[in-house]
Amino acid sequence: HTRSTTVIGVQTCALPILQEENMNREERKKPSLPVKLAIALVLGVIVGFVFKENCAYIGFIGTVFIRLLKMCVYPLVLFSIISGVANVASIGKLKTIGETFLIYAFCTTTIAGILGTVMANVTHIGQGLVLKETMDEAAKNGVDMVETFVNWVPANIFESLSSGTLIQIIVFAIFFGAVITLLKAENKDVDFVSSIVSGCNNIMNAMVGIVMKVAPIGVFCLIANLVGTTGLENLKSIFTMVLALWGASLIHVLIVLPLILKIFAKVNPFKFFKNVAPSIMMAFSTQSSAATLPVTMKCAKENNGVPDEIINLCAAPAATINMDGAAIEYTIYTVFAANAFGVHFSLFQFIFLVVLCIVCSAGAAGVPGGGIVMCSICIATMGLPNAEVTAMVAGVYVLLDMAATTLNVTGDNVGMVVIASRLKSLDREVYNL
């Protein structure tokens, strides 16, 4: 009787374990998000080539998907940063994370800007190009760099939320969260507000999870529409620029970033790329750092073992400030324009160009097409005509932005791993799973 009871007891206890194993086995049979996105990419390219302009009829589905993501992104950024800052144990810790992030972002973006400048000069992009504009017609009213910094501070946070100005939303969120951290220990009402913000952050994360279930459909429609409706005629005149940008981006993502991971985080770079595959695929598909942000945060936590406090504090600012791909983009565009007009920059002008592109990359919107505006700004600031070159860039921007956005997002993921490692809070067991 005792033996029978024991067996039954063991069977009863083992039942939930067996059920859980069966559920995990069923989940493993289902294609993962990167596999689904890869399938969507391939099918989108095939359908685009076959049906060409007719793919425009399904383009609206991709647009709806992007709008759903954007609907979630801005409040997600607001609540995640406020919650992250407010939940930091002390201002000292907030300062440590912030300083580490800013140092990382400045160093990697500077390397990217220099790499873009070198690649543009080595390949002599833009030389021999015949343009209608002349230097006499150049737009001399460049963008004031001091004014750019001033515009980071929102005059009206509701206007910033309405227009989707991420950098202003981030500044407000950091300020708001820091004040909560200062006051909540002494004020119960402030602590209550902190709880509400945390709840809103959880709700927004859940909303993003629901939206991501239709991501493969949205990506398929986006790629099919782009391949079907975007011609390659303009590519002939700026083919060297496209190759230069892709070359510089590949060097940065395959050499510079892995070296940073190995030296400063002491982790396996190959494992890193496997962990962030969904984020990379999403960035390549949507050409939007902002739209990829939810996936980036998910990969950082569940695959790379980065703690929530670092993700909440760094993910959103990284999507706007840490723009390695954008820094390469703008330097290459500007040198391309300079060579096309026969202008030779001095060493000081190249240094100024790198600094300018770092500032502009930090202020660029992490959405598709945001770099086209910044391209025009950088070229005009350097005293060059910008209309024709900007139009040429816009003609093949999809090809250019695929590489740049993928590099931006990859750099963000690397940054969070490095910061977590330097602060000794990286879960290496999760990272190495």
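How each quantity is defined
- Residues numbered from 1 in each chain as written.
- Predicted model: local features only at pLDDT ≥ 70, side-chain atom pairs only at ≥ 80, totals over all residues.
- Heavy atoms only, no water.
- Axes fitted to C-alpha atoms, helices over the stretch in contact; angles between N-to-C directions.
- Helix = DSSP H or I, 4+ residues; strand = E, 2+ residues; numbered from the N terminus.
- Parallel < 35°, antiparallel > 145°, perpendicular 65-115°, else oblique.
- Left-handed = near helix turned anticlockwise from the far one by under 90°.
- Contact = heavy atoms within 4.5 Å.
- Nonpolar A, V, L, I, M, F, W, Y, C, P; charged D, E, K, R; others polar.
- Core = buried A, V, L, I, M, F, W, Y, C linked by side-chain atoms within 4.5 Å.
- Buried < 20%, exposed > 50% of the residue type's maximum accessible area, 1.4 Å probe, protein only.
- pLDDT = per-residue confidence, 0-100.

Caption draft 1: Inspection of the packing of helix H3 (residues 59–86) against helix H8 (residues 188–212) at higher detail. Contact geometry of H3 with H8 gives a least axis separation of 8 Å together with a crossing angle of 150 degrees. Here H3 is positioned roughly antiparallel relative to H8, judged by the angle of their axes. In the crossing of H3 with H8, the sense of the turn from one axis to the other is left-handed. The segment H3 lies against H8, with Phe65, Leu68, Leu69, Met71, Cys72, Pro75, Leu76, Phe79, Ser80, Ile82, Ser83 and Ala86 engaging Ser194, Val197, Ser198, Cys200, Asn201, Met204, Asn205, Met207, Val208, Val211 and Met212. Tallied by class, the residues present in the contact of H3 with H8 amount to 17 nonpolar, six polar and no charged.

Caption draft 2: How the structure looks around the nonpolar core. By size, the foremost hydrophobic cluster in this structure holds 112 residues, and its most contacted members are Phe65, Met241, Val306, Ile332, Tyr333 and Val417. In terms of residue count, the dominant contributor to this core is H3 (13 residues). Those residues in contact with Ile332 that lie beyond four places of it in its chain are Gly116, Ala120, Ile125, Met241, Ala244, Leu245 and Ala248.

Caption draft 3: Inspection of the confidence of the model for the protein chain at higher detail. With 79% of its residues at a pLDDT of at least 70, the protein chain reaches an overall mean of 78. Ranking the elements of the protein chain by mean pLDDT puts helix H1 (residues 2–29) last with 46 and helix H11 (residues 269–275) first with 94. The low-confidence segment residues 1–18, where pLDDT is below 50, has zero contacts with residues more than four positions distant or belonging to other chains. In the model, residues 137–143 has pLDDT below 50 throughout and makes twelve contacts with residues more than four positions away in sequence or in other chains.

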